[in-house]
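Here are the chains, one letter per residue:
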Amino acid sequence: METQILDPNAEGYARAASLLTKGQLVAFPTETVYGLGGDACNDIAVARIFEAKDRPRFNPLIVHVDSVEAAKSYVQWTDEADRIASAFWPGPLTLVLPLRPDNGLSPLVTANLPSLAIRVPQNPVAIALLQAFGGPIAAPSANPSGKISPTTADHVRAGLSGRIAGILDGGACNVGLESTILGLVDTPMLLRPGGLPAEAAEAALGAPLAQYHAGDPMTAPGQLASHYAPGAKMRLNARNPKTGELLLGFGAVEATLNLSPSGDLTEAAANLFGHLHAMDALGPDTIAVSEIPDRGLGRAINDRLRRAAAPRP
Ligand code: TXA
Ligand code: MG
């Protein structure tokens, strides 16, 4: 299959929407990372998402919609969800809520779980695509399973070209880390740190979030230990690169690439996946990474770095 690159204009949106309606896959930018989109109500389209990424079927997908009103057709809405959504949607936050019985989604989307992960993205290209298509779009990050997430159309092309029908090129993603996932099925729980600092969600809820631990009954099944893996090995909290290593810096250090020379976590998040892609392309034995402060977006950056450094299956 030849992967078409589509521009974010009326013609591109119409083309992308028509591919989605036919059950084909189209990658598109969100404010977090590029998503690999398919019609969330079409079993064949959703099955194709798992195939194109080589993703385990037990790992459910996030559904993207263009408004809170639309979200209410798929999940059982609560006051808590309302408080969080009015504070942070559209934005880099996914809510996991009980699935509505009459949801109309393909059961493959949730891997048969009784809950659904759903979000309203903030990127104007994503919203224009959702409106042109007129329905819910299931979209995991648009990378082969286990690899570094894409923050440009070029990253998507490098990973999935020939396996998907189209890529809407909307430039670089400005947040650069996947959405924060908040479980609201019972006690509010942080299932994945991400582009919205957990502290902000806690402030809106007026209570601390329970922390997810591997093996908890309310799980984010995709939270595999090894993920975001470059070809190179990784060494974290490094001061100086050793022989055979290149340094991915943070703050005022001599480095091959620097996430943020001034030590700004927002800038570091936006650069993380792009710099990992670029350093990996240089073919080092090991990518050493400076220590990143573990607060705000730093928690999500450290989560991704730990998974990138974890032993590979
Ligand atoms: O920023 C993002 O969230 C991006 C963009 C494209 O929206 N998407 C993304 O999707 O990161 P993905 O598939 O790479 O990660 C989705 C995560 C997985 O860890 C999955 O296990 C979890 O969401 N998830 C999905 N449905 C769930 C559910 N019902 N309960 C708990 N976790 C769920
Ligand atoms: Mg992913």
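For the structure given in this document, a descriptive report is provided here. It should be emphasised that the depicted structure is a prediction, and the values quoted were computed from it without experimental measurement. For every chain, the first residue of its written sequence is number 1, and the numbers climb from 1 along that sequence. Going through the entries in the order they are written, you letter the chains from A and number the ligands from 1. Selection of residues for local features in this predicted model requires a pLDDT of at least 70, selection of side-chain atom pairs for listing and counting requires 80 or more, and totals for whole chains, interfaces and linings are taken over all residues. Only hydrogens and water are removed before side-chain values are computed, so all heavy atoms of the structure are retained for them.

**Examining the sheet that holds strand S12 (residues 233-235)**
Backbone hydrogen bonds are what pair the strands of a sheet, in a parallel or an antiparallel way.
Now for step 1: Whether two strands pair comes down to DSSP finding at least two bridges between them. Only DSSP runs of H or I reaching four residues or more are called helices, and only runs of E reaching two or more are called strands; each is numbered from the N terminus. Spatially, 4 strands are ordered S12-S15-S13-S14 in an open sheet, and the strand pairing comes out parallel. The two strands at the open ends of the sheet, each matched to only one other strand, are S12 and strand S14 (257-258).
Now for step 2: Here S12 pairs with strand S15 (residues 286-289) via 3 bridges, running parallel. Across the sheet, residue lysine 233 finds its bridge partner in S15, namely threonine 286.

**With respect to the environment of glutamine 122**
Now for step 1: Tracing the backbone shows glutamine 122 in the loop between strand S6 (115-119) and helix H5 (124-133).
Now for step 2: Accessible area is worked out with a 1.4 Å probe on protein chains only. A residue is then buried under 20% of its type maximum, exposed over 50%, and partly exposed in between. Using a relative accessible area of 45% as the deciding quantity, one classes glutamine 122 as partly exposed.
Now for step 3: Taking the C-alpha atoms as reference points, glutamine 122 and arginine 100, 22 residues apart in sequence, are found 24 Å from one another.
Now for step 4: Contacts are assigned to residue pairs that have any heavy atoms within 4.5 Å of one another. Once you skip the residues sitting within four places of it in the chain, glutamine 122 turns out to touch Glu31, Pro90 and Gly91.
Now for step 5: Between N or O atoms, a polar contact is any pair within 3.5 Å; within protein, one atom must be a potential hydrogen donor and the other a potential acceptor, and residues adjacent in sequence are included only when both atoms are from side chains. A polar side-chain atom of glutamine 122 sits 3.4 Å from the main-chain carbonyl oxygen of proline 90.

**Quick look at the pairing of S15**
Now for step 1: Burial along S15 is two-sided: Thr286 and Ala288 facing one way and Ile287 and Val289 facing the other are all buried.
Now for step 2: Bridging between strand S13 (residues 245-249) and S15 involves 4 bridges; their strand directions are parallel. If you follow glutamate 245 over to S15, its bridge partner there is threonine 286.

**Description of the packing of aromatic side chains**
Now for step 1: In this analysis, rings of Phe, Tyr and Trp, with Trp reduced to its six-membered ring, are considered paired at centre separations within 6.5 Å, and the interplanar angle assigns stacked below 30 degrees, edge-to-face beyond 60, and tilted for intermediate values. Taken as a whole and judged by the stated rule, the model has 1 aromatic pair.
Now for step 2: Taking 5.9 Å as the distance between ring centres and 40° as the angle between the ring planes, the aromatic pair formed by tryptophan 77 and tryptophan 89 counts as tilted. A residue pair is termed long-range when its members are at least 10 positions apart, and tryptophan 77 in the loop between helix H3 (68-71) and helix H4 (79-88) and tryptophan 89 in the loop between H4 and strand S5 (93-98) qualify at 12 residues.
Now for step 3: Overall, the relative accessible area of 8% leaves tryptophan 89 in the buried class.

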